[in-house]
Amino acid sequence: MELRPLGNTGLHLSCVGFGASPLGNVFGDVPLEEAIASVRLAFQSGINFFDTSPYYGGTVSEKVLGKALKALGVPRNEYIVSTKCGRYKEGFDFSAETVTRSIEESLQRLQLDYVDILQCHDIEFGSLDQIVNETIPALQKLKEAGKTRFIGITGLPLNIYTYVLDRVPPGSVDVILSYCHYSINDSTLEDLLPYLKSKGVGIISASPLAMGLLTESGPPQWHPASPELKSACQAAAACCKKKGKNISKLAMQYSLLNKDITTVLVGIKSVEQVEQNVTAARELESSGIDQEALAEVEAILNPVKNQTWPSGIQKS
Ligand code: NAD
């Protein structure tokens, strides 16, 4: 599995990252044994990056990931773990007090002494000025205390990144995690890549399958896309299937093609999905992407290209 550098952190992440939100049962129930086996196979296949949050499944994802990582029985420095703070089942709270307490609780659930990356989770739901003036400084203290090695911010609207990065001291935000903005139906993150690179910030792109839109089985009930976007993605999936191709493989490969993106973080809930996503990366390396299938899917999705949905409390 190809490793790519994460901004100025010195970390090298596998180009496919393991998104552990499904381990919180947010895309359907996942038995513990299946979760443990999925993490093991992912690690054995070269995936070294695992992302979770106290929000996923109301702390279930962190607990399950913690058990699965412990079951690996390998030295701590062989895998990279990111978790988040500020978003919880109970709501949002980016105060210094809460995020400082939150990391201690996350570390207990993960059974770890430190995480590699601690990210403010979905900052568009808080005050961005609080993130700049209170949350990031609190995370700096946690970094100094050895609770996290690096600091990140996550969210859906892309303008949150420039807002924060233009206002914090250089080097205080190491990583951004953007989601649903670098997949076949929406590639708007691309325009921000030169800016992020100029800031030396590591780039994690999550949800290459657009949170289930680009799958044969379709998205979960809670998916926020418009009916128009959902049906276009279903039509694209059906078109691929008719030709014996798989929309999810194509979508993974599309996201992996851009090497400015350090890791493509895909949500995984089974051994089968580890195999499918690892195979997609390997086949991309050996044979490239199926250009014909990509052109067909892009044509179907063209009327809804870059369509997104509202998120957060900021005016944008
Ligand atoms: P995704 O686009 O990765 O889609 C996940 C869905 O696709 C799940 O139902 C999964 O079981 C399924 N799937 C995975 N591989 C498949 C395959 N090969 N074929 C068919 N179906 C497959 O969306 P996601 O899980 O929301 O995002 C990935 C990860 O990124 C999350 O788990 C989380 O760690 C992170 N993330 C973070 C934020 C944030 O910080 N705000 C937001 C979104 C995602």
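Each residue is numbered by its place in its chain's sequence as written, counting from 1. Where totals are concerned, whole chains, interfaces and linings use all residues; where local detail is concerned, this predicted model gives features only for residues with pLDDT of at least 70, and gives and counts side-chain atom pairs only at 80 or more. The side-chain numbers reported here are obtained from all heavy atoms of the structure, hydrogens and water having been left aside.

Draft legend 1. The arrangement of the overall build of the protein chain in detail. Counting its regular elements, the protein chain contains 10 helices and 12 strands. A radius of gyration in this sense is built from C-alpha atoms; the matching globule rule multiplies 2.2 Å by the number of residues raised to 0.38. Relative to the globule expectation of 20 Å for 316 residues, the C-alpha radius of gyration of the protein chain, 18 Å, shows essentially globular dimensions. Dimensions of the protein chain, computed from the C-alpha atoms along their principal axes, are close to 55 × 45 × 35 Å. Burial status follows relative accessibility: with a 1.4 Å probe on protein chains alone, a residue under 20% of its type maximum counts as buried, one over 50% as exposed, and anything between as partly exposed. Here the protein chain, with 316 residues, has 56% of them falling under the buried criterion. Every helix listed is a DSSP run of H or I at least four residues long, and every strand listed is a run of E at least two residues long, numbered separately from the N terminus.

Draft legend 2. A look at the site of the ligand. A molecule or strand has a residue near it when one of that residue's heavy atoms lies within 4 Å. Among the 29 residues in the neighbourhood of the ligand, the closest are listed as S21, D51, D122, G267 and Q273. Counting of polar contacts relies on pairs of N or O atoms within 3.5 Å, with two restrictions inside protein: one atom must be capable of donating a hydrogen and the other of accepting it, and residues adjacent in sequence are counted only when both atoms are side-chain atoms. One of the side-chain nitrogen or oxygen atoms of Q273 is found 2.8 Å away from an oxygen atom of the ligand. Here the accessible surface of atoms and residues is derived via Shrake-Rupley with a 1.4 Å probe, and residues count as covered only by protein chains that are part of the display. Burial of the ligand by the protein chains amounts to 92% of its free accessible area of 830 Å². Contributions of two or more residues to the shell around the ligand are made by β10 (175–179), β12 (263–267) and α9 (271–287). Only Asp, Glu, Lys and Arg are considered charged, only Ala, Val, Leu, Ile, Met, Phe, Trp, Tyr, Cys and Pro nonpolar, and every remaining residue, Gly among them, polar. Looking at side-chain class alone, the shell around the ligand contains 13 nonpolar, 12 polar and 4 charged residues.

Draft legend 3. Region of interest: the UniProt feature "domain: NADP-dependent oxidoreductase" (unreviewed entry) in the protein chain. UniProt positions are given in the numbering used here, feature names are shortened, and annotations may be inferred rather than shown by experiment. UniProt's entry tags residues 16–284 with the feature "domain: NADP-dependent oxidoreductase" (unreviewed entry), counted in the numbering of this structure. Between the C-alpha atoms that bound residues 16–284 there is a distance of 12 Å. The span itself is 41% helix and 17% strand.

Draft legend 4. Spatial organisation of the packing of helix α7 (residues 227–242) against helix α10 (residues 291–301). Here an axis means a line fitted to C-alpha atoms, over the contact stretch when the element is a helix, while the angle between two N-to-C directions is reported on a 0 to 180 degree scale. Contact pair α7 / α10: the axes reach a minimum separation of 9 Å and the direction vectors enclose 155°. By the angle class used here, α7 and α10 are roughly antiparallel. As α7 packs across α10, the resulting crossing turns out to be right-handed. Contacts from A232, C233, A235, A236, C239 and C240 in α7 reach E296, V297, I300 and L301 in α10. Tallied by class, residues from the contact of α7 with α10 come to 9 nonpolar, no polar and 1 charged. Note that the term roughly parallel is reserved for angles under 35 degrees, roughly antiparallel for angles over 145, roughly perpendicular for angles of 65 to 115, and oblique for everything else. For a crossing to be left-handed, the near helix must be turned anticlockwise from the far one by less than a right angle; the clockwise case is right-handed. Any two residues whose heavy atoms approach within 4.5 Å are treated as being in contact.

Draft legend 5. Up close: the sheet that holds β10. Any two strands between which DSSP finds at least two bridges are classified as paired. Ordered in space as β3-β4-β5-β8-β9-β10-β11-β12, the 8 strands form a closed barrel in which the pairing is parallel. Each adjacent strand pair in this sheet contributes to an overall mean axis angle of 30°, direction not counted. Examined bridge by bridge, strand β8 (residues 115–120) and strand β9 (residues 148–155) share 5 bridges and lie parallel to one another. Bridging across to β9, V115 finds its partner in T148. With respect to the sheet, helix α8 (residues 247–256) is in contact with β3 (16–19) and β12, its orientation differing from that of β12 by roughly 155°.

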